[in-house]
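Chain by chain, the residues run as shown.
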Amino acid sequence: MNWKLPFDIPLVVPTMGLPGWFFDTLGIIVFVVHIAFIYTLIGASTASVLYNITGVFKKSKTDDLLAYKMTNPTTISENMGALWGVAPLLVISVLYTGFFYTAILKVSPHILHIIYGNIFAFLLSYAYKFSWHSLHNHKGFHIAIGLVAVLTFYTLPPVFMSMSNLYLQPETFATVQNIWDIMLTPLTSFRLLNFFLTAFSFTGIVMIYLGVKWVKAGGEDAEAGRLAIDQGKKWFMWASPVNIAVLPLVFFAFSPRISEAYIHTPFVFLPFAASAVLTILFFFLLKRFGNEEMNLGDATKAMVLVIVAVVLMATARHGIRVVSFEEPLKLQAEATEKYMTDVITEYKAYKEEMKNAPAVVLDPAVSLADSKGCLACHSVDTKLVGPSYKEVAAKGESADVLTASLKNGSTGKWGETPMPPQTLTDEEAKTLIEWVLKQK
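The rules behind these values
Residues numbered from 1 in each chain as written. Predicted model: local features only at pLDDT ≥ 70, side-chain atom pairs only at ≥ 80, totals over all residues. Heavy atoms only, no water. Helix = DSSP H or I, 4+ residues; strand = E, 2+ residues; numbered from the N terminus. Rg over C-alpha atoms; globule rule 2.2 N^0.38 Å. Buried < 20%, exposed > 50% of the residue type's maximum accessible area, 1.4 Å probe, protein only. Polar contact = N/O pair within 3.5 Å; in protein donor to acceptor, adjacent residues only side chain to side chain. UniProt positions renumbered as here; feature names shortened; annotations may be inferred. Salt bridge = Lys/Arg side-chain N within 4 Å of Asp/Glu carboxyl O. Contact = heavy atoms within 4.5 Å. Phe/Tyr/Trp six-rings, centres within 6.5 Å; stacked < 30°, edge-to-face > 60°. Lys NZ or Arg CZ within 6 Å of the ring centre and 35° of its normal.

Asker: I'd like to hear about the overall build of the chain, residue by residue, with values.
Answerer: Of regular secondary structure, the chain possesses 16 helices and 0 strands. For the chain, the C-alpha radius of gyration of 36 Å lies well beyond 22 Å, the compact-globule estimate for 440 residues. C-alpha atoms of the chain, sized along the principal axes, occupy 115 × 60 × 40 Å. Here the chain holds 440 residues, and the buried ones make up 48% of them.

Right under this line is the structure:
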């Protein structure tokens, strides 16, 4: 390798002794749950605003009803997506702490858009949902609220994807100065294409599944359900063929170091497997494309297949982490081991030095002053709360006067601050006063 990590922070990975495969598996599971809700959030919010607009122009109650019904998966997904988004970040920050937080620092403060952008979009999407009936006669304003929320949601993946691409390629830490250096790259564009294609493929299946249930429920929901099934098929049918071609190529858009190493791992087959599953699902739906209605069994099979495809994509993505961090983690482990060895060696040397050093014998008067708390207000040379002992000795008061002040307390002798009486035996008082008078 001709590149070096720009840091060698000795760091013990806090895994509590649990094996690495546990965190690998946990990371894949929580990421799949998180990303499934994010896909649905993107697609459902888009569908809601889209059908809200067509409902106005076509004067269609069915379009308007579908738009309203899609606000539920939007708000549920934004809550669950945010909640489950913490889990993969925690797992990644445990396993790849140094790389993860270095990337965050490199793209700061823009990474904060994930926080304030989410808050802004969340508030707008809730306003959009819960003002549906009250703004029924102000559709233009209502649609504007939903549209701004959707557009804000669309700005979040590029920021997060940029940070993700950066920490996965630590060899770029030295050249990336801000978020734009990594956002405006073919890799980020390619991965965003894959992200949005998968989002609409996934949401297409979600709409088919929900549509089948609404048709089964009957009443006015049935027409909205048929419209959802039709839209779901369309989104899946146009997004999936492109994604089937894009998927196997995404993982080779990383740096040559990662791409070349990735080819020699079993992970290389997973993007092709994900494409194969999407192809099977494509033809599965194509056979049922002419049917006016689908049954719940077929919709469930479609949902299972698209989830399998997402799991394969997530596992393939984890393969990038395994490949990318294999050597950096090895270097970091070596640095950690050297750091720990050096610390232990230094500690043992210190202990040996202290064992052979002559014992320090303290003046009994100093120990007594310390034990009685005298040194909290007085020092030998410098005035603290009270005068220094050199000042006391230089004043020339007799031992009897000083003993009386010590045992009974005194006021006005050294400014406004009084000295409280001390609890001492006669022998202790004599020891202290004799020591103080020697400090001239």
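Asker: Just give me the short version of the environment of E171, but keep the residues and values in it.
Answerer: Within the fold, E171 resides in the loop between helix 6 (139-168) and helix 7 (179-183). Once the C-alpha coordinates of E171 and T411 are considered, the two residues, 240 residues apart in sequence, prove to be 70 Å apart. Among the polar contacts listed, one links the side chain of E171 to the side chain of S255, at a separation of 2.7 Å.

Asker: Which residues make up the UniProt feature "transmembrane region" (unreviewed entry) in the chain, and what values go with them?
Answerer: In this numbering, the UniProt entry assigns the feature "transmembrane region" (unreviewed entry) to residues 20-51, 82-104, 110-128, 140-160, 192-215, 235-255, 267-286 and 298-316. Structurally, residues 110-128 is divided into 84% helix and 0% strand, and its ends, taken at the C-alpha atoms, are 27 Å apart.

Asker: Please provide a residue-by-residue account of the pattern of salt bridges, values included.
Answerer: Under the definition given, this model contains 9 salt bridges. One salt bridge in this structure joins K58 and D63, with 3.4 Å as the shortest N-O distance. What makes K58 exposed here is its relative accessible area of 56%.

Asker: So what's going on with the side chain of N165? Which residues, and what values?
Answerer: Mapping N165 onto the fold places it in helix 6. What makes N165 buried here is its relative accessible area of 0%. With sequence-adjacent residues up to four places away left out, N165 is seen in contact with I182, L187, T188, R191 and F254.

Asker: Outline the packing of aromatic side chains, listing residues and values.
Answerer: The full count for this structure, using the stated rule, is 20 aromatic pairs. Ring geometry for F282 against F283: centres 5.4 Å apart, planes inclined by 90°, an arrangement best described as edge-to-face. Counting every residue linked through ring pairs, the aromatic cluster contains Y96, F99, F100, Y101, Y167 and F325. The aromatic ring of W214 is capped on one face by K69, whose charged end is 4.6 Å from the ring centroid. Over the ring of F31 we find R317, and its NZ or CZ is 4.4 Å from the ring centre.

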